[in-house]
Amino acid sequence: DAGITQSPRYKITETGRQVTLMCHQTWSHSYMFWYRQDLGHGLRLIYYSAAADITDKGEVPDGYVVSRSKTENFPLTLESATRSQTSVYFCASLGGVRQEKLFFGSGTQLSVL
Amino acid sequence: KQEVTQIPAALSVPEGENLVLNCSFTDSAIYNLQWFRQDPGKGLTSLLLIQSSQREQTSGRLNASLDKSSGRSTLYIAASQPGDSATYLCAAHQAGTALIFGKGTTLSVSS
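A brief report on the enclosed structure follows.

The rules behind these values
Residues numbered from 1 in each chain as written. Chains lettered and ligands numbered in written order. Predicted model: local features only at pLDDT ≥ 70, side-chain atom pairs only at ≥ 80, totals over all residues. Heavy atoms only, no water. Disulfide = S-S within 2.5 Å. Helix = DSSP H or I, 4+ residues; strand = E, 2+ residues; numbered from the N terminus. Buried < 20%, exposed > 50% of the residue type's maximum accessible area, 1.4 Å probe, protein only. Contact = heavy atoms within 4.5 Å. Buried area = accessible area lost by both parts, 1.4 Å probe. Salt bridge = Lys/Arg side-chain N within 4 Å of Asp/Glu carboxyl O. Polar contact = N/O pair within 3.5 Å; in protein donor to acceptor, adjacent residues only side chain to side chain. Nonpolar A, V, L, I, M, F, W, Y, C, P; charged D, E, K, R; others polar. Phe/Tyr/Trp six-rings, centres within 6.5 Å; stacked < 30°, edge-to-face > 60°. Pairing = 2+ DSSP bridges. Axes fitted to C-alpha atoms, helices over the stretch in contact; angles between N-to-C directions.

### Some thoughts on the state of the cysteines
All names here are of chain B.
Item 1. Tallying each qualifying case throughout the model produces two disulfides over all chains.
Item 2. For Cys-23, the disulfide goes to Cys-90, at an S-S distance of 2.0 Å. Measuring the twist about the S-S bond at about 80 degrees, one finds the Cys-23-Cys-90 disulfide to be right-handed. Separated by 67 residues along the polypeptide, Cys-23 in strand β3 (residues 19-25) and Cys-90 in strand β9 (residues 86-93) bring together distant segments of the chain. Each member of the pair Cys-23 and Cys-90 is classed as buried.

So, in structure tokens, the structure goes:
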């Protein structure tokens, strides 16, 4: 299916464990993003990538690692999960004629116990 | 650093009413301004995109305006329906960077 796919949809883990959230897009969009959404904070940018092998920090990058070896994939890793990282995580890519329209995945709901 | 604010945080209206959602941003050097809709437990869906050179965009019962000089955008919803109940988010896009989002306005339309 064309679009942007996130997996898993739901994840429960324990503090201190490493967790990787996957994001895959079928359009070959250059720009990809990771946001987290929390009550009272809205959507906050974690990391973004302008192309394969190019990544940059967003507003809240601490505790997260990203990689982008292929254009279509942009995984987000929590190196040692903490309870404060319990959140809904959204992956997005920028498309359209002028690379201006943002397309979102369905999100991953992560609970860190 | 771009900051985006949305007022009000929540809004309840009866069906059929026209309403306005407000969005303000601190840095007027934007590439475009986008409005999204989010239903509970779902991802975000793009509604309208206004280029920095444009003043407004329309889609059906939705009309979004942009005033860069004052750092404001409004989303006008005409003849509201219960199906319009959702959270509406605006986002400011600066060239070469990510979109910065407001916290959203949660709209409830009662029948």
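### Details of the interface of chain A and chain B
Item 1. Each side of the interface is counted separately: chain A has 22 residues, and chain B has 21 residues.
Item 2. For the pair chain A and chain B, the summed buried surface comes to about 1600 Å²; carbon and sulfur atoms form 57% of the total.
Item 3. Counting every contact that joins chain A to chain B gives zero salt bridges.
Item 4. There are four residue pairs in polar contact (both at pLDDT 80 or more) connecting chain A and chain B.
Item 5. Sorting the residues of the side of chain A that touches chain B by element identifies β4 (32-38), β5 (42-51), β9 (87-95) and β10 (101-104) of chain A as the ones contributing at least two each.
Item 6. No other element matches the four residues that β5(A) contributes to the side of chain A that touches chain B.
Item 7. Of the residues that constitute the side of chain A that touches chain B, the class distribution is 10 nonpolar, seven polar and five charged.

### With respect to the pattern of salt bridges
Item 1. Scanning the entire structure with this criterion turns up five salt bridges over all chains.
Item 2. Between Arg44(A) and Asp38(A) there is a salt bridge, with the nearest N and O atoms lying 3.0 Å from each other.
Item 3. Exposure remark for Arg44(A): the relative accessible area of 16% places this residue in the buried category.
Item 4. A residue is classified by how much of its surface remains accessible, and Asp38(A), at 14% relative accessible area, is buried.
Item 5. Measuring nitrogen to oxygen at the nearest pair gives 2.9 Å for the salt bridge that ties Asp39(B) to Arg37(B).

### Here's the deal with the packing of aromatic side chains
For any pair of aromatic rings, geometry is given as the distance between the ring centres together with the angle between the planes.
Residue and element names in this part refer to chain A.
Item 1. Throughout the structure, instances matching the rule amount to 11 aromatic pairs over all chains.
Item 2. An angle of 45 degrees between the planes, with centres 4.9 Å apart, marks the rings of Trp-27 and Phe-103 as tilted. Of this pair, Trp-27 sits in the loop between β3 (19-25) and β4 while Phe-103 sits in strand β10, and the two are 76 residues apart along the sequence.
Item 3. Where Tyr-35 meets Phe-104, the ring centres are 6.1 Å apart and the plane angle is 40 degrees; that geometry is what we call tilted. In this pair, Tyr-35 is assigned in strand β4 and Phe-104 in strand β10, connecting sequence segments 69 residues apart.

### Comments concerning the environment of Leu75(B)
Residues and elements named next belong to chain B.
Item 1. Looking at where Leu-75 falls in the secondary structure, it is placed in strand β8 (residues 72-77).
Item 2. Between the C-alpha atoms of Leu-75 and Tyr-88, which are 13 residues apart in sequence, the distance is 9.1 Å.
Item 3. Here Leu-75 is in contact with Leu-19, Val-20, Leu-21, Trp-35, Leu-47, Leu-48, Leu-62, Asn-63, Ala-64 and Tyr-88, once residues within four sequence places are set aside.

### Let's talk about the sheet that holds β3(B)
All names here are of chain B.
Item 1. With antiparallel pairing, the five strands of this open sheet are ordered in space as β1-β3-β8-β7-β6. The open sheet terminates on both sides in strands that have one partner only, identified here as β1 (4-7) and β6 (56-59). Averaged over all pairs of adjacent strands, the angle between strand axes in this sheet comes to 15 degrees, irrespective of strand direction.
Item 2. Pairing geometry for β1 and β3, over four bridges, is antiparallel. Pairing of Gln-6 across the sheet is with Cys-23, part of β3.

### Here we look at unusual backbone geometry
Item 1. Geometrically, the link from Ser7(A) to Pro8(A) is a cis peptide bond, its omega value of -5 degrees lying close to zero.
Item 2. On the secondary structure map, Pro8(A) appears in the loop between β1 (4-7) and β2 (10-13).
Item 3. Of the consecutive residues Ile7(B) and Pro8(B), the connecting peptide bond is found in the cis state with omega at -5 degrees.
Item 4. Take Pro8(B): it is sitting in the loop between β1 and β2 (10-14).
Item 5. The backbone of Ser28(A) sits at a positive phi, close to 65 degrees, despite the residue not being glycine.

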